[in-house]
Amino acid sequence: MLYRGAGRQASLHIAISGGAEYDSQDPHEAPRERLHQLPGGDLLVAMDERLEEAYQDIIRRNAGEIEFHQAVREVLESLGPVLAKRPELAERKIIERICEPERQVIFRVVWQDDTGEVQVNRGFRVQFNSALGPYKGGLRFHPSVYLGIIKFLGFEQIFKNALTGLPIGGAKGGSDFDPKGRSDDEIMRFCQSFMLELYRHLGEYRDVPAGDIGVGTREIGWLFGQYKRITNQYESGVLTGKGLGWGGSLVRKEATGYGAVYFVNEMLKVRGDSFEGKTCVVSGSGNVAIYTIEKACQLGARVVACSDSDGYVYDEAGIDLDLLKQIKEVERRRISAYAERRGSTARFVPGGNVWEIPCDIAMPSATQNELNGRDAAKLVKNGCIAVGEGANMPTTPDGVRIFLDAGVSFGVGKAANAGGVATSALEMQQNASRDSWTFEYTEERLAQIMRDIHRTCYETAKEYGAPGNYVLGANIAGFIRVAEAMEAFGLI
Ligand code: GLU
């Protein structure tokens, strides 16, 4: 069912034609073409007129940052009924304030590679919102990183972190540094140079980064070591995702994937269903994908495929998790190596599209905009009943629309993948009390948080007249928590 915001309406078509200077690159552009081609639907998603104006202004003031526009649009499309109920929020420009980062830091990172050549990269930290707690969010090292990516991720993080119910604000950072093909020494030198600037903006009460794409426990170790060296303090709570021997939390490594599966499990329960006997496809083969596969298998599913940017592996016997971990976590190799070593049940499909594989449950766990409208239509046609976004914004706007219209249970990333950052907040709690919890206790805390997030999104969607629409539920519930705290602090 298409949700329509309250008040006077403006169409998506009008909205996107405003961003003329880069229209051809805008992710709303391609989906728009397809939106009109889709069979049988009223496909223009409308926004409240005041929100449309605010959105146009955001496009103008953040020119070219197309992923950020996409993330903002998705949230604003949900907020019409909230502002209709609470007009004072609109009068006090809450939308304009929430969409403007509190602080954006961009810095030069210089380092020397193994041949002695000087390398120059760009570092970012966008401290988006601290209404609910210290800035919190990961660091991404990937060549695609630019300000628009970091802002989209930081914006999503505000609402995701609010949904956890834990005291954490929203932020994101990273660099266009590409770790692929770099030696351990090179990556360590890069991390040290990156931290030499970033440290002044961090602190356990100020800003607490963690990992994201290209940043795992190893990189957090090098970053933490350099922070400790510069500040001469053992400030455990300044970074999360640390190693278990030096302040890390059990379950943090597994948390995003496990959490996404817990969230999907709750959605399935609403349908009177479960993971038992289901066929799953998981995209990606990094940390999120690996622990999504692990938990889905523990709950009785069969995961038949996963992928990387070179292609996918299909394994009719189900992905062998020990082999996958050996190849990705120990040897740090490409996913094609899995098929080479697995034998006859598995094959690697170079350049293949993982969403062409029929499945009951799809878990996009690679990166933004990896699942488009065509993929969504294919999944629906193949009988997919639930989607859980382990990655941040992996489904394009037209893909989301197709899932919602088809009645697929769609677990939007900011709700479904909140288990990672939630467990980071549990790591901060353990660090603050100089304690460490057992695996069982920490996992149960994570599971409870995911059940609570699901219930909050489900009930909020119902209250606002869009039952089953977790996108709307997550956006509204996250927004209200942040907006109320911001209101309490006055005009800051
Ligand atoms: N990068 C993760 C995310 O997207 C985790 C952030 C954190 O633990 O601070 O939520």
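Predicted, not measured: the structure shown is a model, and the values here were computed from it. (Residues numbered from 1 in each chain as written. Predicted model: local features only at pLDDT ≥ 70, side-chain atom pairs only at ≥ 80, totals over all residues. Heavy atoms only, no water.)

**Quick notes on the nonpolar core**
Next, step 1: With 80 residues, the main nonpolar core has Phe275, Leu324, Tyr338 and Ile453 as its most contacted residues.
Next, step 2: Take this core: its biggest share by element is nine residues, from helix H10 (residues 252-270).
Next, step 3: Among all residues touching Leu324, those that are not within four sequence positions of it are Ile290, Ile293, Cys306, Ile319, Glu329, Ile335 and Tyr338.
Next, step 4: Membership of the second largest hydrophobic core comes to 44 residues, among which are Leu147, Ala162, Ile476 and Ile480. (Core = buried A, V, L, I, M, F, W, Y, C linked by side-chain atoms within 4.5 Å. Buried < 20%, exposed > 50% of the residue type's maximum accessible area, 1.4 Å probe, protein only. Helix = DSSP H or I, 4+ residues; strand = E, 2+ residues; numbered from the N terminus. Contact = heavy atoms within 4.5 Å.)

**Quick look at the site of the ligand**
Next, step 1: In the vicinity of the ligand, 14 residues are found, and the nearest of them are Lys136, Lys160, Gly211, Asp212 and Ser424.
Next, step 2: One of the side-chain nitrogen or oxygen atoms of Lys136 is found 2.7 Å away from an oxygen atom of the ligand.
Next, step 3: Between the ligand and the protein, one listed contact pairs a nitrogen atom with a side-chain N or O atom of Asp212 at 2.8 Å.
Next, step 4: Within the complex, the protein chains bury 94% of what would otherwise be the 300 Å² of accessible surface of the ligand.
Next, step 5: Mapped by element, the contributors of at least two residues to the shell around the ligand are strand S5 (135-141), helix H7 (147-163) and helix H17 (419-432).
Next, step 6: Per-class residue counts for the shell around the ligand are two nonpolar, seven polar and five charged. (Near = heavy atom within 4 Å. Polar contact = N/O pair within 3.5 Å; in protein donor to acceptor, adjacent residues only side chain to side chain. Areas by Shrake-Rupley, 256 points an atom, 1.4 Å probe, with all protein chains shown as cover. Nonpolar A, V, L, I, M, F, W, Y, C, P; charged D, E, K, R; others polar.)

**What to know about the pattern of salt bridges**
Next, step 1: The full count for this structure, using the stated rule, is 35 salt bridges.
Next, step 2: For Arg92, the salt bridge goes to Glu487, with nearest N and O atoms at 2.7 Å. Pair noted here: Arg92 is in the loop between helix H5 (87-91) and helix H6 (94-98) and Glu487 is in helix H19 (residues 470-488), with a separation of 395 residues, a long-range link.
Next, step 3: Take Arg92: its relative accessible area is 34%, and that puts it in the partly exposed class.
Next, step 4: Its salt-bridge partner being Lys278, residue Asp273 comes within 2.6 Å of it at the nearest N-O pair.
Next, step 5: Given a relative accessible area of 29%, Asp273 falls into the partly exposed group. (Salt bridge = Lys/Arg side-chain N within 4 Å of Asp/Glu carboxyl O.)

**A closer look at the packing of helix H11 (residues 287-298) against helix H12 (residues 321-330)**
Next, step 1: Between H11 and H12, the least distance of the axes is 11 Å, while the angle of their chain directions is 170 degrees. One way to sum up the angle between H11 and H12 is to call them roughly antiparallel. The crossing of H11 and H12 is left-handed. When H11 is examined against H12, the residues Ile290, Tyr291, Ile293 and Glu294 are found in contact with a partner set consisting of Leu321, Leu324, Lys325, Lys328 and Glu329.
Next, step 2: Of the residues belonging to the contact of H11 with H12, the class tally is five nonpolar, no polar and four charged. (Axes fitted to C-alpha atoms, helices over the stretch in contact; angles between N-to-C directions. Parallel < 35°, antiparallel > 145°, perpendicular 65-115°, else oblique. Left-handed = near helix turned anticlockwise from the far one by under 90°.)

**Here we look at the packing of H7 against H19**
Next, step 1: The interhelical angle for the contact between H7 and H19, taken along N-to-C directions, is 85 degrees, at an axis separation of 8 Å. Judged by the inter-axis angle, H7 sits roughly perpendicular to H19. Side by side, H7 and H19 meet where Ile158, Phe159, Ala162 and Leu163 of the first sit next to Ala474, Ala477, Gly478, Phe479, Arg481 and Val482 of the second.

**Here we look at helix H4 (residues 66-85)**
Next, step 1: End to end, H4 covers 30 Å across 20 residues, agreeing with the expected 28 Å (1.5 Å per residue, within 8%).
Next, step 2: Where H4 bends most, at Leu79, the angle is about 45 degrees, and the proline Pro81 comes one to four residues later.
Next, step 3: Of all 20 residues in H4, 18 are buried, a share of seventy percent or more. (Expected span 1.5 Å × (residues − 1). Bend = angle between axes of the 7 residues up to and from the residue.)

**Here's the deal with H12**
Quick reminder: α-helices carry 3.6 residues per turn. Residues three or four places apart thus point the same way.
Next, step 1: The set of residues buried in H12 consists of Leu321, Leu323, Leu324, Lys325 and Ile327.
Next, step 2: Next to the buried residues of H12 lie H11, strand S9 (302-308) and helix H13 (336-342).
Next, step 3: With a side-chain oxygen positioned 3.1 Å from the backbone nitrogen of Asp322, the residue opening H12 is Asp320.

**Some remarks on the sheet that holds strand S6 (residues 170-175)**
Next, step 1: Across the sheet, which stays open at both edges, the five strands sit in the order S3-S4-S6-S5-S7 with mixed pairing between neighbours. With one partner strand each, in any of the chains shown, strand S3 (103-112) and strand S7 (207-210) form the two edges of the open sheet. Each neighbouring strand pair of the sheet contributes to a mean axis angle of 20 degrees, computed without reference to strand direction.
Next, step 2: On top of the sheet, H7 reaches S3, strand S4 (118-129), S5 and S6; it is set at about 150 degrees to S6, its chief contact. (Pairing = 2+ DSSP bridges.)

**Some words on the confidence of the model for the protein chain**
Next, step 1: Per-residue confidence for the protein chain averages 91 on the pLDDT scale, and 91% of its residues sit at or above 70.
Next, step 2: Highest mean pLDDT in the protein chain belongs to S7 (99); lowest belongs to helix H1 (residues 12-17) (29).
Next, step 3: Predicted confidence for residues 1-44 stays below pLDDT 50, and this span has 90 contacts to residues more than four positions away or in other chains. (pLDDT = per-residue confidence, 0-100.)

**Overview of the environment of Phe224**
Next, step 1: Structurally, Phe224 can be placed in helix H9 (residues 217-231).
Next, step 2: Residue Phe224 is classed as buried on the basis of its relative accessible area of 4%.
Next, step 3: Taking the C-alpha atoms as reference points, Phe224 and Met195, 29 residues apart in sequence, are found 8.5 Å from one another.
Next, step 4: If sequence neighbours within four positions are ignored, Phe224 has contacts with Tyr234, Glu235, Ser236, Val238, Leu239, Lys242 and Trp246.

**Let's talk about the sheet that holds strand S11 (residues 346-350)**
Next, step 1: Strand order in the open sheet formed by seven strands is S11-S10-S9-S8-S12-S13-S14, with mixed pairing between adjacent strands. Of all strands in the sheet, those with a lone pairing partner are S11 and strand S14 (409-411), marking the two edges. Within the sheet, the average angular offset between the axes of one strand and its neighbour, ignoring direction, is 15 degrees.
Next, step 2: Pairing geometry for strand S8 (residues 279-282) and S9, over three bridges, is parallel. Paired with Thr279 across the bridge in S9 is Arg302.

**Concerning the pairing of S5**
Next, step 1: Counting buried residues in S5 gives seven out of seven residues, a clear majority hidden from the surface.
Next, step 2: Where S5 and S7 come together, four bridges link them in parallel fashion. In the strand pairing of S7, Lys136 is matched with Val208.
Next, step 3: Regarding the hand of the β-α-β motif, the stretch spanning S5, H7 and S6 is right-handed. (Right-handed = clockwise from strand over helix to strand, strands pointing away.)

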